[in-house]
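A closer look at the structure
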Amino acid sequence: MLTQITSDPLEAARTIHRGGLVAFPTETVYGLGADVFNADAVARIFEAKLRPADNPLIAHIGELSMLGKLVREINPAAEKLIAHFFPGPLTLVLKKAAGVPSIATAGLDSIGVRMPRHDLAREFLKHCRTPVVAPSANLSGRPSPTTWNAVEEDLRGRIACILKGEPTEIGLESTVVDCTGLRPLLLRAGAVSLEELRTVVPETALWEPTVDEVVRSPGLKHKHYAPKARVLVGGVADSARRAYIGLTPPETEFNLVMICADADEYARTLFAFFRECDRRGIETISCQPIGETGIGRALMDRIRRAAEDR
Ligand code: TXA
Ligand code: MG
């Protein structure tokens, strides 16, 4: 398949209307989109990414009026979170409407919904005139793409179109909050922090899965965000080709070093750095641990997942 690369959101939206797959930028990472109501197109997302079928997708909307097509209930806590954080890097899991094909939600009775605040993403979504389900636009298991070149690296020839934008501002995937129960549960950390969520809904809790609990956010059990190199949380491996990323300079020598000015820059840079390390044949990447407040919680979550043994 020839992958068209365009900067025109209307042209990209036409591909969605025809049932094609479009990668598009958001403030978090690039997504790989299809019309939520076109079950064949949604199925092709799983094929293009080699994504396990039990991993549900997030539906993206350009305007709040689209919510009604996706969900059947919005409780008061969800209403408050929508009022404060939409548009933005927050996904809410809500009870899904009957018309949403079950392939989009991996058979779950709920659906993740997000309204990006990214200008080009919203323009594209408005032209689509339908909610667009989109996982991150990487091959399953690879680091999420923060540039259109990273999308191209993974998906060229596998998708119809890439809507080309700037490198993404946040660099980590959205915060995911389950709003189907009595109180909101933080399923995946992101740029909207637990502290911020609690200023709006104080009873928001961290989801701590117990062994026998039904997997509430199936995607979280899959291996994620991993470069080919082995990732270390702090520490140094005695490999020949090693890299380091952190906020302060390392004490030993590395072949490749990235010093970030603050936690935001660390988050914005991490996935692109992982990909850069792979291109250069790096064997181990040492990531400096940072405090788990604000974006630090999301950053440490992604680093730990990337470091899990394969
Ligand atoms: O920032 C983001 O969220 C990006 C951009 C493109 O919006 N998208 C993204 O999608 O990261 P993805 O597919 O890589 O991650 C979606 C995750 C799932 O793996 C799952 O953990 C959670 O969101 N999720 C989606 N729908 C859910 C549902 N109905 N119930 C529980 N968790 C859900
Ligand atoms: Mg992903």
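Scroll up for the structure.
Residues numbered from 1 in each chain as written. Chains lettered and ligands numbered in written order. Predicted model: local features only at pLDDT ≥ 70, side-chain atom pairs only at ≥ 80, totals over all residues. Heavy atoms only, no water.

**Brief notes about the overall build of the protein**
Along the backbone of the protein there are 9 helices and 16 strands. On C-alpha atoms alone, the protein measures out to a radius of gyration of 19 Å, which is about the 19 Å that the 2.2 N^0.38 rule sets for 310 residues. Across the 310 residues that make up the protein, the buried fraction comes to 57%. Taking the intrachain contacts of the protein between residues at least 6 apart in sequence as the baseline, contacts between residues at least 24 apart amount to 69%. As presented, the protein carries roughly 13,100 Å² of accessible surface, and 51% of it is formed by carbon and sulfur atoms. Computed over 38 positive and 39 negative side-chain charges, the separation of the two mean positions in the protein equals 4 Å. (Helix = DSSP H or I, 4+ residues; strand = E, 2+ residues; numbered from the N terminus. Rg over C-alpha atoms; globule rule 2.2 N^0.38 Å. Buried < 20%, exposed > 50% of the residue type's maximum accessible area, 1.4 Å probe, protein only. Contact = heavy atoms within 4.5 Å. Areas by Shrake-Rupley, 256 points an atom, 1.4 Å probe, with all protein chains shown as cover. Lys, Arg positive; Asp, Glu negative; His and termini not counted. Charge placed at Lys NZ, Arg CZ, Asp CG, Glu CD.)

**Here we look at the packing of helix H8 (residues 263–279) against helix H9 (residues 295–307)**
Packed helices, taken two at a time, are described by the angle between their axes plus the distance between the axes. Axis separation between H8 and H9 bottoms out at 9 Å; the angle between their running directions is 25°. One way to sum up the angle between H8 and H9 is to call them roughly parallel. As for how H8 packs across H9, the hand of that crossing is left-handed. Where H8 approaches H9, its residues Ala263, Asp264, Tyr266, Ala267, Leu270, Phe271 and Phe274 are matched on the opposing element by Ile295, Leu299, Arg302, Ile303 and Ala306. Across the contact of H8 with H9, the residue classes break down as 10 nonpolar, no polar and 2 charged. (Axes fitted to C-alpha atoms, helices over the stretch in contact; angles between N-to-C directions. Parallel < 35°, antiparallel > 145°, perpendicular 65-115°, else oblique. Left-handed = near helix turned anticlockwise from the far one by under 90°. Nonpolar A, V, L, I, M, F, W, Y, C, P; charged D, E, K, R; others polar.)

**With respect to the side chain of His60**
Inspection of the secondary structure assignment puts His60 in strand S4 (residues 58–60). One polar contact links the side chain of His60 to the main-chain carbonyl oxygen of Ile58, over a distance of 3.1 Å. Once residues lying within four places of it in the same chain are set aside, the contact partners of His60 are Phe24, Arg114, Pro116, Leu125, Pro131, Val132, Val133 and Ala134. (Polar contact = N/O pair within 3.5 Å; in protein donor to acceptor, adjacent residues only side chain to side chain.)

**Considering the pattern of salt bridges**
Tallied over the entire structure, the rule returns 17 salt bridges. The residue Glu173 makes a salt bridge to Arg302 at a minimum N-O spacing of 2.7 Å. On the criterion of sequence distance, the pair formed by Glu173 in the loop between strand S9 (161–163) and strand S10 (175–178) and Arg302 in helix H9 is long-range, its members being 129 residues apart. With a relative accessible area of 4%, Glu173 lands in the buried category. Exposure remark for Arg302: the relative accessible area of 0% places this residue in the buried category. With its nearest N and O atoms 2.6 Å apart, the salt bridge here joins Glu276 to Arg280. Judged by its relative accessible area of 24%, Glu276 is partly exposed. Sharing partners across several salt bridges, the network here consists of Arg142, Glu153, Asp154, Arg275, Glu276, Asp278, Arg279 and Arg280. (Salt bridge = Lys/Arg side-chain N within 4 Å of Asp/Glu carboxyl O.)

**What to know about the nonpolar core**
Residues Leu32, Leu70, Leu81, Leu90, Leu92 and Ile159 are the most contacted members of the largest nonpolar core, which totals 48 residues. Leave out the neighbours within four places in its chain, and Leu70 touches Val36, Ala59, Ile61, Lys95, Lys96, Ala97, Val100, Ile111, Val113 and Pro131. (Core = buried A, V, L, I, M, F, W, Y, C linked by side-chain atoms within 4.5 Å.)

**Here we look at empty space enclosed by the protein**
Overall, the coordinates contain 1 cavity of 30 Å³ or more when judged by the stated rule. Estimates place the volume of the largest cavity at around 30 Å³. Lining the largest cavity are Ile61, Gly62, Glu63, Met66, Leu125, Lys126, Arg129, Thr130 and Pro131. (1 Å grid on protein atoms, 1.4 Å probe; cavity = no way out; pocket = protein on both sides within 12 Å on 5 of 7 lines; lining within 4 Å. Points joined across faces, edges and corners; volume = space filled by probe spheres on them.)

**So, the packing of aromatic side chains**
Under the definition given, this model contains 3 aromatic pairs. Pairing Tyr244 with Phe254 gives two aromatic rings, centres 5.4 Å apart and planes at 45°, and the pair type is tilted. Of this pair, Tyr244 sits in strand S14 (residues 242–246) while Phe254 sits in the loop between S14 and strand S15 (256–259), placing them 10 residues apart in sequence. You can call Tyr244 buried: its relative accessible area is 8%. (Phe/Tyr/Trp six-rings, centres within 6.5 Å; stacked < 30°, edge-to-face > 60°.)

**Focus on the environment of Gly181**
With respect to the helices and strands, Gly181 occurs in the loop between S10 and strand S11 (185–188). Assessed through its relative accessible area of 37%, Gly181 is described here as partly exposed. Between the C-alpha atom of Gly181 and that of Pro202, which follows or precedes it by 21 residues, the distance is 15 Å.

**Notes on the environment of Arg280**
With respect to the element layout, Arg280 can be found in the loop between H8 and strand S16 (284–287). A relative accessible area of 43% means that Arg280 is categorised as partly exposed. Those residues within four positions of Arg280 in sequence are excluded, and the remaining contacts are Arg241 and Leu256. A polar side-chain atom of Arg280 sits 2.6 Å from a polar atom in the side chain of Glu276.

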